[in-house]
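Spelled out from the first residue to the last, the chains are:
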Amino acid sequence: MMKQHDVHDILGCTPQQAWIVFTNQTDLPWLGMLREGFRHCFVLIHDGEHWISVDPMANYMEVVVHNVPAHFDLCAWLQERGHHVIEAELTQSIKRSAPIMLFTCVEACKRILGIHKRSILTPWQLYRHLEAQRQEQAHLQHTEIHKGEYAWEA
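## A short note on the overall build of the protein chain
So, point 1. Of the regular secondary structure elements, the protein chain holds four helices and five strands.
So, point 2. Secondary structure elements of the protein chain, listed N to C terminal, follow the sequence α-β-β-β-β-α-β-α-α.
So, point 3. Counting the 154 residues in the protein chain, one finds 33% classified as buried.
So, point 4. Within the protein chain, counting contacts between residues at least 6 apart in sequence, those at least 24 apart form 44% of the total.

## Thoughts on the layout of surface pockets
So, point 1. Approximately 910 Å³ is the volume attributed to the largest pocket.
So, point 2. Along its surface, the largest pocket is lined by 41 residues, and Leu31, His40, Pro56, Met57 and Cys105 are the ones closest to its centre.
So, point 3. Secondary-structure elements contributing two or more residues to the lining of the largest pocket are β2 (40-46), β3 (51-56), β4 (61-66), α2 (74-80) and α3 (105-113).
So, point 4. Here the residues of the lining of the largest pocket are counted per class, giving 25 nonpolar, ten polar and six charged.
So, point 5. Among the secondary structure elements, those contributing two or more residues to the lining of the second largest pocket are β1 (17-23), β5 (84-88) and α4 (123-143).
So, point 6. For the lining of the second largest pocket, a count of residues per class yields five nonpolar, four polar and four charged.

## Observations concerning α3
So, point 1. When you tally the buried positions in α3, you get seven out of nine residues, the bulk of the element.
So, point 2. Buried within α3 we find Cys105, Val106, Glu107, Ala108, Cys109, Lys110 and Leu113.

## Digging into the pairing of β3
So, point 1. Most of β3 is tucked away: six of the six residues are buried.
So, point 2. Burial along β3 is two-sided: Trp51, Ser53 and Asp55 facing one way and Ile52, Val54 and Pro56 facing the other are all buried.
So, point 3. Direction of pairing for β2 relative to β3: antiparallel, over a ladder of four bridges. Following the sheet pairing, Val43 is matched in β3 by Val54.

## Some thoughts on the nonpolar core
So, point 1. Core analysis: the largest hydrophobic core is formed by 20 residues, its most contacted members being Ile20, Phe22, Cys41, Leu113, Leu126 and Leu130.
So, point 2. When residues in this core are grouped by element, the largest group, four residues, is from α3.

## Some thoughts on a nonpolar patch on the surface
So, point 1. Side chains of Met61, Val63 and Phe103 sit close together on the surface and give an oily, nonpolar patch of about 320 Å² of accessible area.
So, point 2. Mapped onto the elements, Phe103 comes out in the loop between β5 and α3.

How each quantity is defined
Residues numbered from 1 in each chain as written. Predicted model: local features only at pLDDT ≥ 70, side-chain atom pairs only at ≥ 80, totals over all residues. Heavy atoms only, no water. Helix = DSSP H or I, 4+ residues; strand = E, 2+ residues; numbered from the N terminus. Buried < 20%, exposed > 50% of the residue type's maximum accessible area, 1.4 Å probe, protein only. Contact = heavy atoms within 4.5 Å. 1 Å grid on protein atoms, 1.4 Å probe; cavity = no way out; pocket = protein on both sides within 12 Å on 5 of 7 lines; lining within 4 Å. Points joined across faces, edges and corners; volume = space filled by probe spheres on them. Nonpolar A, V, L, I, M, F, W, Y, C, P; charged D, E, K, R; others polar. Pairing = 2+ DSSP bridges. Core = buried A, V, L, I, M, F, W, Y, C linked by side-chain atoms within 4.5 Å. Patch = residues over 30% accessible without salt bridge, like charges linked within 9 Å, V, L, I, M, F, W, Y side chains within 5 Å. Areas by Shrake-Rupley, 256 points an atom, 1.4 Å probe, with all protein chains shown as cover. Salt bridge = Lys/Arg side-chain N within 4 Å of Asp/Glu carboxyl O.

Below is the structure:
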């Protein structure tokens, strides 16, 4: 079986970056009970040349390659329109199947990102999880000790 990074090497693809976009927009009235601003979510991917969105709707999955220049900041554009956008890591290192869950917008985003946590059910919970990951990563980068450096603890 060919690994994902092998396919990227063979095809000469650049690594992809991903973001999750959280929005208040929904056509389903019962989603009104969810936290405002976090009633729906979808994935935004940039491969260095194209912006691609994967938007899991209730009745179909919308996949769009956006006709914008590669340097266009689609994340900022969405944020200017009131959406919450957070960068997310594409994890392909988990070798077991994802747990069986209802297929919601959150579950679709989790599958694309490689997140297998059963406790993440709502867009707000996904946002909190991604924000905690981001803060942990920032903390690790800040406290990283390079070879030859000393670390002092009180």
